[in-house]
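Below are the chains, spelled out letter by letter.
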Amino acid sequence: MNRHPLISSGEKIFNLPNIITMGRIGFIPVLFFLLMDPGLTWSLVIAFCFVAAALTDLLDGYLARKYEIVTKMGQFLDPIADKLIVNTAMILMIPIGRIPAWAVAITIIRDIAVDGMRSIASGEGLVIDASSLGKKKTLCQTVAVTALIIHYPFLGIDAHAVGMVILYIALFFTVYSGLDYFIKFYHSTSWGRE
């Protein structure tokens, strides 16, 4: 079966994958309900919405590839949307004591540093591809944040304890993948070739 693009030509900002990605960004205000330190029921609702938003990342990527509508706007927005959702959720859980501030700081500093390196490399005409380490980091972060949003014991499981264990695993991948990006950046630039 032949695949036909959903759009006829060029860059169109408002295609289906990009709209889904923008919808993911539009979900962020829902996370502000975390500041109310919700009980179990509302924590479950927010966690469900967070997971649903995270799953749209798979959907927009699938649609963009299947219908050949990968755009520069989509490539820019997609990782931004992921980081905005995860980092916003983490920041909002600091005041209500569901996540340590230092863990959030490490995550955000790493993201800014990696984005900076990739921008510099892009300015030199180089592309530093996302690694499998970064994907593992994102998966662990999503699971950890979901559990920490739930927070309360659920189905006999201490969601907060589970979330903290997975958060530490995510932090390992956060630091490790950050170092991996730095090494790739160093070797791909003129500094690493001197």
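Computed from a prediction, not measured in an experiment: that's the story for all the values here.

A separate point is unusual backbone geometry. Here the phi dihedral of histidine 151 falls at roughly 65°; this positive angle occurs in a residue that is not glycine. One can find histidine 151 in the loop between helix H6 (132–150) and strand E1 (153–154). Here the phi dihedral of leucine 155 falls at roughly 55°; this positive angle occurs in a residue that is not glycine. By secondary structure assignment, the location of leucine 155 is in the loop between E1 and strand E2 (157–158).

Turning our eyes to something else, we now look at the environment of serine 43. Tracing the backbone through its elements, the reader meets serine 43 in helix H3 (residues 40–66). Taking C-alpha positions, serine 43 is 9.0 Å from phenylalanine 33, a pair spaced ten residues apart along the chain. Leaving out residues up to four positions away in the same chain, serine 43 has contacts with Pro38, Arg98, Ile149, Ile150 and Tyr152. At 3.3 Å, the side chain of serine 43 and the side chain of arginine 98 are in polar contact.

Let us look at the confidence of the model for the protein chain. On average, residues of the protein chain score 84 in pLDDT, and 88% of them reach the 70 mark or higher. Confidence, read as mean pLDDT per element, is least for helix H8 (residues 190–193) in the protein chain (55) and greatest for E2 (96). Note on residues 1–9: pLDDT under 50 across the span, and eight contacts to partners over four residues away in sequence or across chains.

Time to look at the pattern of salt bridges. Under the counting rule described, the total for this entry stands at seven salt bridges. Measuring nitrogen to oxygen at the nearest pair gives 3.2 Å for the salt bridge that ties arginine 24 to aspartate 82. Here arginine 24, found in helix H1 (residues 16–26), pairs with aspartate 82, found in helix H4 (residues 72–93); they are 58 residues apart in sequence, far enough to count as distant. For arginine 24, a relative accessible area of 2% translates into the label buried. The exposure class of aspartate 82 is buried, given its relative accessible area of 18%. Among the salt bridges present, the one from aspartate 115 reaches lysine 83, with a minimum N-O distance of 2.6 Å. Taken together, the positions of aspartate 115 in helix H5 (residues 101–123) and lysine 83 in helix H4 put the pair 32 residues apart, joining distant regions of the chain. Residue class for aspartate 115 comes out partly exposed when judged on its relative accessible area of 28%.

In terms of nonpolar packing, the biggest core is built from 32 residues, with Leu31, Leu34, Phe50, Val145, Ile149 and Leu167 touching the most fellow members. Of all elements in the fold, only helix H2 (28–31), H3, H4, H5, H6 and helix H7 (159–188) reach the threshold of two or more residues within this core. Counting five residues, the second-largest nonpolar core is a separate cluster that includes Val114, Ala121, Tyr181 and Phe185.

Here is what the cut-offs are and how they apply
Residues numbered from 1 in each chain as written. Predicted model: local features only at pLDDT ≥ 70, side-chain atom pairs only at ≥ 80, totals over all residues. Heavy atoms only, no water. Helix = DSSP H or I, 4+ residues; strand = E, 2+ residues; numbered from the N terminus. Contact = heavy atoms within 4.5 Å. Polar contact = N/O pair within 3.5 Å; in protein donor to acceptor, adjacent residues only side chain to side chain. pLDDT = per-residue confidence, 0-100. Salt bridge = Lys/Arg side-chain N within 4 Å of Asp/Glu carboxyl O. Buried < 20%, exposed > 50% of the residue type's maximum accessible area, 1.4 Å probe, protein only. Core = buried A, V, L, I, M, F, W, Y, C linked by side-chain atoms within 4.5 Å.

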